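Descriptive structure summary
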Amino acid sequence: MKLYFAPRTRAVRPRWLLEELGVPYELVKLELTRQENNPPEYLAVHPLGEVPALVDGEVTLLESLAICLYLADRFPEKQLAPPMGSAERGPYYQWMAFAEVSLDPAVMAFYWHAQLPEEKKASAHANEELARHGTRLEAVLDLLDMGLGGSEFLVGGAFTAADVVMASILHLAHTLKLLDGHPRLVEYVKRHVQRPAVRRAVSG
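Fair warning: this is a prediction, and the values are worked out from it, not measured in the lab. (Residues numbered from 1 in each chain as written. Predicted model: local features only at pLDDT ≥ 70, side-chain atom pairs only at ≥ 80, totals over all residues. Heavy atoms only, no water.)

Regarding the overall build of the chain
Filter applied, for reference: Helix and strand labels come from DSSP, where a helix needs a run of H or I of at least four residues and a strand needs a run of E of at least two; each type is numbered from the N terminus. Here the radius of gyration uses the C-alpha set of atoms, whereas the globule reference equals 2.2 Å times the residue count to the power 0.38.
What the chain contains, in helices and strands, is 9 helices and 4 strands. In sequence order, the chain lays out its α and β elements as β-α-β-α-β-β-α-α-α-α-α-α-α. Taken against the 2.2 N^0.38 rule, which gives 17 Å for 204 residues, the C-alpha radius of gyration of the chain at 18 Å falls within 12% of a compact globule. If one aligns the C-alpha atoms of the chain with their principal axes, the spans along those axes are about 50 × 45 × 25 Å.

So this is what it looks like as structure tokens:
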């Protein structure tokens, strides 16, 4: 099993999950600033030249969410996904998709705004867009806060791949200071990013 990886990208999510699973895998690090994701050899794996990509025998997957879903089911004995047919399986799918489809775009809007030159940040259009994304983000965070309640985990009272995906995105939100007013989400992030597997996933 081979994971194509670059730091500070969505590839951190499947690497974190692989470290949680404790299964052997080959890590192929790509330096994006040196265009190591553009040679023909890698484009044969991922035609868009993006990361992550996972190759497991005859299976090649290109999306971080798909990779995390696949890996959790690939090793059911590790119990990082609720069993098929269980009452927790539906909410597990829901929170995985919610993290990727509802939370991530709202957080990334603030991330990209932070990268703008100062004169563009101050433009009326940029501020209108940010206000719109801010309204959406607050609604998303409120729903997540309510769904999490007082639990340490999203689903079934146990750590799953859904927590890997959600905590990864919330960590960026916390770094951008977007979790003000959501102390339970801050605690959720802090708790999960302290896991030993996270330190291994972001090292080197």
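As for helix α8 (residues 183–193)
The condition that has to hold: Exposure classes here rest on a 1.4 Å probe applied to the protein chains alone. A residue is buried below 20% of its type maximum, exposed above 50%, and partly exposed in between. The directions considered for the arc run from the helix axis to the C-beta atoms. Contacts are assigned to residue pairs with any non-hydrogen atoms lying within 4.5 Å of each other.
Among the residues making up α8, those that are buried are Leu185, Val186, Tyr188, Val189 and His192. The buried residues of α8 occupy one face: seen down the axis, they fall within an arc of 160°. Those residues of α8 that are buried lie in contact with α1 (12–21), α6 (124–148), α7 (161–175) and α9 (196–202).

With respect to the nonpolar core
The condition is simple: The nonpolar core is taken to be a set of buried Ala, Val, Leu, Ile, Met, Phe, Trp, Tyr and Cys residues, with the residues joined through side-chain atoms within 4.5 Å.
Counting 53 residues, the largest nonpolar core has Leu103, Leu144, Leu154, Met166 and Leu170 as its most contacted members. Taken together, the elements giving at least two residues each to this core come down to α1, α3 (64–74), α4 (89–114), α6, α7, α8 and α9. In this structure, Leu144 is in contact with Trp95, Phe98, Leu103, Leu154, Met166, Leu170 and Leu185, ignoring residues within four places of it in sequence. Of all hydrophobic cores here, the second largest spans 11 residues; its members include Val12, Tyr42, Val51 and Ala53.

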